[in-house]
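Letter by letter, the chains look like this.
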Amino acid sequence: MSSKEHPYIKYSPEQFSEEEMKQKSENFYQWADKRRSVRDFSPKEVPLEVMENILMTASTAPSGAHKQPWTFCLISNTSLKSKLRELAEAEEKKSYDGRMSDSWIKDLEPLGTNWEKEFIDIAPWIIVVMKKSYDFDENGKKANNYYVSESVGIAAGFLLMAIHNAGLVALTHTPSPMNFISKALNRPENERPYLLIPVGFPAENTMVPDLSRKSKDDIIEYYP
Ligand code: IYR
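Read on for an overview of the structure. Quantities reported herein were computed from a predicted structural model and do not represent experimental measurements. The written sequence of each chain sets the order in which its residues are numbered from 1. Local features are withheld for residues below a pLDDT of 70 in this predicted model, meaning they are given only at 70 or higher, and side-chain atom pairs are given and counted only at 80 or more; totals for whole chains, interfaces and linings count all residues. Computation of side-chain values covers all heavy atoms of the structure but excludes hydrogens and water.

### As for a nonpolar patch on the surface
Right, so step 1: Only residues whose relative accessible area exceeds 30% and that take part in no salt bridge are eligible for patches, with like-charged residues grouped when within 9 Å of each other and nonpolar side chains (Val, Leu, Ile, Met, Phe, Trp, Tyr) grouped when within 5 Å. To be clear on the numbers: accessible area is Shrake-Rupley with a 1.4 Å probe, and residue cover counts the displayed protein chains and nothing else. Counted as salt bridges are all cases of a side-chain nitrogen of Lys or Arg within 4 Å of a carboxyl oxygen of Asp or Glu. On the surface, Ile219, Ile220 and Tyr222 cluster together to form a nonpolar patch covering roughly 310 Å² of accessible area.
Right, so step 2: Tracing the chain through its elements places isoleucine 219 in helix 8 (residues 216-219). Under the DSSP-based scheme used, a helix requires at least four consecutive residues in state H or I and a strand at least two consecutive residues in state E, with every element numbered from the N terminus.

### Structural notes on the pairing of strand 1 (residues 70-75)
Right, so step 1: A simple rule labels every residue: compare its accessible area, found with a 1.4 Å probe on the protein chains alone, to the largest value its type can have, and call it buried under 20%, exposed over 50%, or partly exposed in between. When you tally the buried positions in strand 1, you get five out of six residues, the bulk of the element.
Right, so step 2: Strands were regarded as paired on the criterion that DSSP finds at least two bridges between them. One ladder, built from six bridges, connects strand 1 with strand 2 (residues 125-132); its direction is antiparallel. Directly across from tryptophan 70, in strand 2, lies its bridge partner lysine 131.

### Description of the side chain of lysine 81
Right, so step 1: Within the secondary structure, lysine 81 sits in helix 3 (residues 78-99).
Right, so step 2: The positive count covers Lys and Arg only, the negative count covers Asp and Glu only, and His and the chain ends enter neither. It is aspartate 121 that comes nearest to the buried, bridge-free lysine 81 among opposite-charge side chains, at 6.3 Å.
Right, so step 3: A 3.5 Å cut-off defines polar contacts: any pair of N or O atoms within that distance qualifies, except that in protein one atom must be a possible hydrogen donor and the other a possible acceptor, and neighbouring residues in sequence count only when both atoms are side-chain atoms. At a separation of 3.2 Å, a polar atom in the side chain of lysine 81 contacts the main-chain carbonyl oxygen of aspartate 121.
Right, so step 4: Apart from the residues lying within four places of it in its own chain, the contact partners of lysine 81 are Ile75, Ser76, Ile120, Asp121, Ile122, Ala123, Pro124 and Ile126. Whether two residues are in contact is decided by their heavy atoms, any of which lying within 4.5 Å being enough.

### Focus on the site of the ligand
Right, so step 1: The ligand sits among Arg39, Glu92, Tyr96, Met100, Trp104, Leu108, Leu111, Asn114, Lys117, His173 and Thr174.
Right, so step 2: Glutamate 92 places a polar side-chain atom, nitrogen or oxygen, 3.0 Å from a nitrogen atom of the ligand.
Right, so step 3: Here histidine 173 contributes a side-chain N or O atom positioned 3.0 Å from an oxygen atom of the ligand.
Right, so step 4: Burial of the ligand by the surrounding chains reaches 71%, relative to a free accessible area of 370 Å².
Right, so step 5: Elements represented by at least two residues in the shell around the ligand include exactly helix 3 and helix 4 (102-108).
Right, so step 6: Only Asp, Glu, Lys and Arg are considered charged, only Ala, Val, Leu, Ile, Met, Phe, Trp, Tyr, Cys and Pro nonpolar, and every remaining residue, Gly among them, polar. By residue class, the composition of the shell around the ligand is five nonpolar, three polar and three charged. Here a residue is considered near a molecule or strand provided that any single heavy atom belonging to it is located within 4 Å of it.

### Quick notes on the nonpolar core
It is characteristic of soluble globular proteins that their nonpolar side chains tend to be buried jointly.
Right, so step 1: Residues Phe72, Ile127, Val129, Leu159, Ile163, Ile197 and Val199 are the most contacted members of the largest nonpolar core, which totals 24 residues.
Right, so step 2: Mapped onto this core, the elements with two or more residues apiece are helix 2 (48-58), strand 1, strand 2, helix 6 (148-165) and strand 6 (191-200).
Right, so step 3: Element by element, the count of residues in this core is highest for helix 6, at eight residues.
Right, so step 4: Among residues more than four places away in sequence, those in contact with leucine 159 are Ile54, Leu55, Ala58, Phe72, Ile127, Val129 and Ile197.
Right, so step 5: As used in this record, nonpolar core signifies buried Ala, Val, Leu, Ile, Met, Phe, Trp, Tyr and Cys residues forming a set joined through side-chain atoms within 4.5 Å. Membership of the second largest hydrophobic core comes to 20 residues, among which are Ala88, Ile126, Val128 and Ile181.

### Considerations on helix 3
Spacing of three or four residues puts side chains on the same side of an α-helix, whose turn is 3.6 residues.
Right, so step 1: In this model, helix 3 (22 residues) spans 29 Å end to end at C-alpha, consistent with the 32 Å of a helix rising 1.5 Å per residue.
Right, so step 2: All buried positions along helix 3 are accounted for by Lys81, Leu84, Arg85, Ala88, Glu89, Glu91, Glu92, Ser95 and Tyr96.
Right, so step 3: Considering only its buried residues, helix 3 is in contact with strand 1, helix 4, helix 5 (119-122), strand 2 and helix 7 (179-184). Each helix should span, by expectation, one fewer than its residue count multiplied by 1.5 Å.

Structure (structure tokens):
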């Protein structure tokens, strides 16, 4: 509880009537359901301020012991993007040409993916989400982080919603293995790449696969 070393502050989140809650939750769901992963980007620029707001939103995610074990690398540099593309494609080519199982390749067919990652060059921004397996305290000593994958996964979810809210699109790209990113971005030893996310506007007349999402009964087990 509140103490001299660890003070508490009053917290009074906004509350709604039952009717308003139903309306708001339904509206939010309908809005969230419009989000789609997009692979074809427009080169149209997006202001830095928008990207910073989006990343600050991601960083509002809960995290183990409030350690916020993440770094977001925000990349617009054209030659760095090209380098990342080249390195990602080299790994992806090996994956598509043999590292991935036949059933995996088959599962990806509806998404129309392949080893080519043109979007890394075209999207105006690339966010690389780094997870910090551990940190350093003010004396440079190793400091623990907790539930790092869970924490960074939640932050990535917030990030995708913030991108959707700004009227932008993204792709959660996971080139594998990802260690080439640490080297290309000169990241410290305590950070590991988690996701590479191109962000921008969709290309004109972008198409997405005609997918549907699981129903209530598919995803909820009730224990009344
Ligand atoms: N990382 C590869 C393959 C890939 C894997 C999954 I699972 C996807 O949902 C989509 C792609 C790629 O990015 O192409």
